[in-house]
Amino acid sequence: MTTSRPAARRGRAQPCADRQPARSPQRADSPSAHPMARAHPAQRGGFRCHGRMTAVRTLRALGATVATVQADVGTADGVARIMAAVRESGRPLGGLVHAAGALADVPISGMTWEHLDSVFESKVYGTLLLDQALAGFPELRFFVGFSSLSAVIGPVGQANYAAGNAFLDELMVRRVDAGLPGLAVDWAPGPRSAWRPR
Ligand SMILES: NC(=O)c1ccc[n+]([C@@H]2O[C@H](COP(=O)([O-])OP(=O)(O)OC[C@H]3O[C@@H](n4cnc5c(N)ncnc54)[C@H](OP(=O)(O)O)[C@@H]3O)[C@@H](O)[C@H]2O)c1
């Protein structure tokens, strides 16, 4: 795990979502052990996918209340619906993990606006819209953005993805500089990851 800039490292230690579901309901750090154990995962395409449903079921088995929202985080309407669901819960918003992302790999010589836009939807527009929406939640303790090592090394064919993640990194640095919670995690791709440049 790396932060992209020294300023981000100066920020408070922030929790980060585990990419794997917790293995045992008895874990001391289970969501149910937390006084604000409530999650609002949002997906653009819904929760039909087996892996996503398994994650939701696992959280519920651990005792967390999980409300799902289907929304495009790259649109103002989508972010408004996510925030409305949080407000309707009647509970404070403890934190937000922004893990949405998409790829549109192509050599830079063939890159069109569509290639840029499809990656920027989540990484640039989504991050910016969430940043703005979170101003309405002063109780927020963490805002974690899933970024990529690509933002630092700029792999071939991923200029759009590198730029989108670099934007996310920089926005988090600016939040920290402004005294707001913010953390970018620059994940490295796993050995069989779709996020590995081809
Ligand atoms: N896995 C890795 O090796 C790796 C490495 C570096 C960085 N990362 C970063 O980590 C994050 C998660 O990666 P992952 O492997 O879990 O990816 P994943 O399995 O492909 O999941 C990405 C999710 O983002 C959602 N999404 C994309 N655009 C969206 C939008 N505009 N609004 C709402 N949801 C949107 C997708 O939903 P739909 O399918 O419904 O569109 C999908 O559920 C990404 O931001 C990625 O850049 C991952």
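What comes next is a walk through the structure. (Residues numbered from 1 in each chain as written. Predicted model: local features only at pLDDT ≥ 70, side-chain atom pairs only at ≥ 80, totals over all residues.)

### Details of the sheet that holds strand E6 (residues 142-148)
- Reading across from one edge, E5-E6-E7 is the order of the three strands in this open sheet, with parallel pairing throughout. Strands at the two margins of the open sheet, each flanked by one partner only, are strand E5 (95-98) and strand E7 (183-187). When strand polarity is set aside, the average angle formed by the axes of neighbouring strands in this sheet is 20°.
- Here E6 runs beside E7; their pairing, made up of five bridges, is parallel. The residue bridging valine 144 from the neighbouring strand is leucine 183, located in E7.
- Together, E6 and E7 form the strand contacts of helix H6 (residues 159-177), whose direction differs from that of E6 by roughly 155°. (Pairing = 2+ DSSP bridges. Helix = DSSP H or I, 4+ residues; strand = E, 2+ residues; numbered from the N terminus. Axes fitted to C-alpha atoms, helices over the stretch in contact; angles between N-to-C directions. Contact = placed C-beta atoms within 7 Å.)

### Comments concerning H6
- Taking 1.5 Å of rise per residue, the 19 residues of H6 would be expected to cover 27 Å, and the 27 Å separating its terminal C-alpha atoms lies within 8% of that figure.
- Counting buried positions along H6 gives 14 out of 19 residues, so the element sits mostly inside the fold.
- Among the residues trailing H6, glycine 179 stands out with phi positive, at a value near 85°. (Expected span 1.5 Å × (residues − 1). Buried ≥ 20, exposed ≤ 12 C-beta atoms within 10 Å, placed from the backbone.)

### Concerning helix H4 (residues 113-133)
- The terminal C-alpha atoms of H4 lie 26 Å apart, and with 21 residues this falls more than 12% below the ideal 30 Å at 1.5 Å per residue.
- Taken as a whole, H4 has its buried residues at Val119, Phe120, Glu121, Ser122, Lys123, Val124, Tyr125, Gly126, Thr127, Leu129 and Asp131.
- Here the buried face of H4 lies against helix H3 (76-89), E5, E6 and H6.

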